[in-house]
Amino acid sequence: MDVIGDAPKAPGRPARPRGPGRRGRQVLGVVAVLGLLGYAVTHRVSAPPAAGTRPGPDLSAPAGVLTGRPGFGPAGLRVLLTGASLRIVDLHTGGQQPVSGLPDGVDGAHAAPVQGGLIVYAGGAGSVDSYLVRPGLPTRLVVRNGVALPSWDGRGLVVVALPLGSEQYAVTGQTLAGRRQWHWLASNHALVIRDTRYGLLVQDTDPPPDPQRLRLVRRETGQVLRQLRATTVAVGDESVAHLRPGCARRCVLAVTGLATGAATPYPLPDEPATGHGSLSPGGRWLAMTVPAGPAPGVPPDRPSSVAVLDLRTGTVTAVPGLALPPGQTPMLDWSADGRSLIVAVPGADTVRLGIWRPGTPRTPVTVLPTPYRADNRTSLTVLP
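Treat the numbers as computed from the prediction; the structure is a model and nothing was measured.

Okay, the overall build of the protein chain next. The number of helices and strands found in the protein chain is 1 helix and 34 strands. Residues classed as buried in the protein chain amount to 56% of the 384 residues present. When the accessible surface of the protein chain is summed, it comes to about 15800 Å², and 52% of that surface belongs to carbon and sulfur atoms.

Put into structure tokens, the structure is as follows:
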């Protein structure tokens, strides 16, 4: 069995974070629902946060700070906000439009784009149901008590469910029309979290492993191709970002290509290690929270922030004007062209949206002038 990669030891001096005034050099939102699925379909133990997982905003926590220049994003840039209300927000105009088609009484806790529509995950009492919503077509219940993930090209689905009385997940590939293409069974400790062009990524969930184990498997059979034992920070279409387990200071982050298993090391600043990140399409940038949470030697009231690592140069640049209360995790996603980072910062019962281009670090964050309603299940996903 090949190994995806293990975080290497630190070579050389770490990069230092650069503020907005100095020259600086993505996990689909689907992954956020996996912890919920781990509980809902097993009725036993909640899954730990998987790669890229971040909870909805803690509306009881102090509000984060997002400052910059008021304005809007480029034409065509849209995001999906989920929760009690499912809305598409046009970042070019600030307007929002509700997503229709779900059955009465069903709201979208999480969603992900597929060709011509959305897969919507509706959480209820002890279950997670998945619906395919496409304009002009009837809404289809894809799976009850399970999750349907988009295929890597958006043209199909990977359905993960726990059949009644079974101790194994059923993993099924199907077309958007519902025709089965392949099927196999996986241990209920191994949950599919993403489809890539190189295979399915499967995360150990129950009980929480230390270190985490992430496996790349053949999508049609579940055969293990490679595996990674490390702390996963972010999962992208082409690579995985990960840390040595237990690392707190002067950590080395490794980015490992799924195609080859080759790892590239990136020494991080003398900071507690990040625990949440998002890789940009194309693999140029990694956005990550700093610090990840309470750590030895860090004051418990220290705010957290977001930094962006340039994977070409190793430069780490702080996102200007953004600060979060200790332990609060921001919502992060990238535009389809990989050039703009979209951040959502929770308030009392709203989120404020900002857009920043790490390629122009002197430019402040563009902050949409109006906050948007949110709840504790709200998530952010950029639409293609």
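With respect to topology, 4 strands assemble into an open sheet ordered β12-β13-β14-β15, the strand pairing being antiparallel. Both outer strands of the open sheet, β12 (146-150) and β15 (180-187), are each paired with one neighbouring strand and no more. Ignoring which end each strand starts from, the neighbouring axes of this sheet average 20° apart. Alignment of β12 against strand β13 (residues 156-161), held across 5 bridges, turns out to be antiparallel.

With that settled, consider the side chain of T172. Topologically, T172 is positioned in strand β14 (residues 168-175). When its relative accessible area of 10% is taken as the criterion, T172 is described as buried. Here the side chain of T172 touches H183 through a polar contact of 2.8 Å, side chain to side chain. Excluding residues that lie within four positions of it along the chain, T172 makes contacts with L157, V158, V159, R180, W182 and H183.

Counting residues in hydrophobic clusters, the biggest one holds 29 residues, and the most contacted among them are I119, V142, L157, V171, V192 and L200. Top element by residues in this core is β13. It accounts for 5 residues. Sequence-distant contacts of I119, defined by excluding residues within four places in its chain, comprise H110, A111, A112, V114, Y131, L132, V142, A148 and L157. In terms of nonpolar packing, the next biggest core, distinct from the first, is built from 18 residues, V233, M288, A307 and V316 among them.

Below, the discussion takes up the environment of G64. Counting through the fold element by element, G64 comes out in the loop between α1 (34-40) and β3 (65-66). Considering only alpha carbons, one finds G64 and L322, 258 residues apart in sequence, at a separation of 7.6 Å. Discounting residues that sit within four places of it in the chain, G64 has contacts with A323, L324, P325, Q328, V345 and P346.

With that out of the way, let us pick up the confidence of the model for the protein chain. For residues with low pLDDT, the predicted coordinates do not support detailed interpretation. Of all residues in the protein chain, 76% attain a pLDDT of 70 or more, and the chain-wide mean is 78. Counting contacts from residues 1-55, a segment whose pLDDT is below 50, to residues more than four positions away or on other chains yields 173 contacts.

This brings us to the sheet that holds strand β20 (residues 231-235). If you trace the 4 strands from one edge of the open sheet to the other, you get β20-β21-β22-β23, paired in antiparallel fashion. Looking at which strands have only one partner, the edges of the open sheet turn out to be β20 and β23 (263-267). Taking the axes of each pair of neighbouring strands and ignoring which way they run, one obtains an average angle of 25° across the sheet. In the sheet, strand β21 (residues 239-243) pairs with strand β22 (residues 252-257) via 5 bridges, with the strands oriented antiparallel. Residue pairing in the sheet places L243 in a bridge with L253 of β22.

We now examine unusual backbone geometry. With a phi angle near 60°, N145 is a residue other than glycine that sits in the positive phi range. Tracing the backbone through its elements, the reader meets N145 in the loop between β11 (140-143) and β12. Residue classification places N145 among the buried residues on the basis of a relative accessible area of 18%.

It is worth spelling out the pattern of salt bridges at this point. All told, the structure shown has 5 salt bridges when counted by the stated rule. The residue R144 makes a salt bridge to D129 at a minimum N-O spacing of 3.0 Å. Within this pair, whereas R144 is found in the loop between β11 and β12, its partner D129 is found in strand β10 (residues 127-133), the two being separated by 15 residues in sequence. A residue is classified by how much of its surface remains accessible, and R144, at 55% relative accessible area, is exposed.

Here we take up the pairing of β10. Counting buried positions over the 7 residues of β10 gives 7, a clear majority of the element. Alternating positions in β10 separate into two faces, S127, D129, Y131 and V133 on one and V128, S130 and L132 on the other, with burial throughout. Where β10 meets β11, 3 bridges bridge the pair, whose relative direction is antiparallel. Residue L132 lies in a different strand from β11, and its bridge partner there is R140. What sits between β10 and β11 in their antiparallel hairpin is a turn of 6 residues, with G136 showing a positive phi close to 85°.

With that out of the way, let us pick up the pairing of β12. In terms of residue burial, β12 counts as a mostly covered element, since 5 of its 5 residues are buried. Of the two faces of β12, the one lined by G146, A148 and P150 and the one lined by V147 and L149 are each fully buried.

For S335, the position within the fold is in the loop between β29 (331-334) and β30 (341-346). Since its relative accessible area comes to 5%, S335 is described here as buried. In this structure the side chain of S335 is engaged in a polar contact, spanning 2.5 Å, whose partner is the side chain of D337. A polar atom in the side chain of S335 sits 3.4 Å from the backbone nitrogen of R339. Here S335 is in contact with L77, P281, S340, I342 and V382, once residues within four sequence places are set aside.

What counts as what
Residues numbered from 1 in each chain as written. Predicted model: local features only at pLDDT ≥ 70, side-chain atom pairs only at ≥ 80, totals over all residues. Heavy atoms only, no water. Helix = DSSP H or I, 4+ residues; strand = E, 2+ residues; numbered from the N terminus. Buried < 20%, exposed > 50% of the residue type's maximum accessible area, 1.4 Å probe, protein only. Areas by Shrake-Rupley, 256 points an atom, 1.4 Å probe, with all protein chains shown as cover. Pairing = 2+ DSSP bridges. Axes fitted to C-alpha atoms, helices over the stretch in contact; angles between N-to-C directions. Polar contact = N/O pair within 3.5 Å; in protein donor to acceptor, adjacent residues only side chain to side chain. Contact = heavy atoms within 4.5 Å. Core = buried A, V, L, I, M, F, W, Y, C linked by side-chain atoms within 4.5 Å. pLDDT = per-residue confidence, 0-100. Salt bridge = Lys/Arg side-chain N within 4 Å of Asp/Glu carboxyl O.

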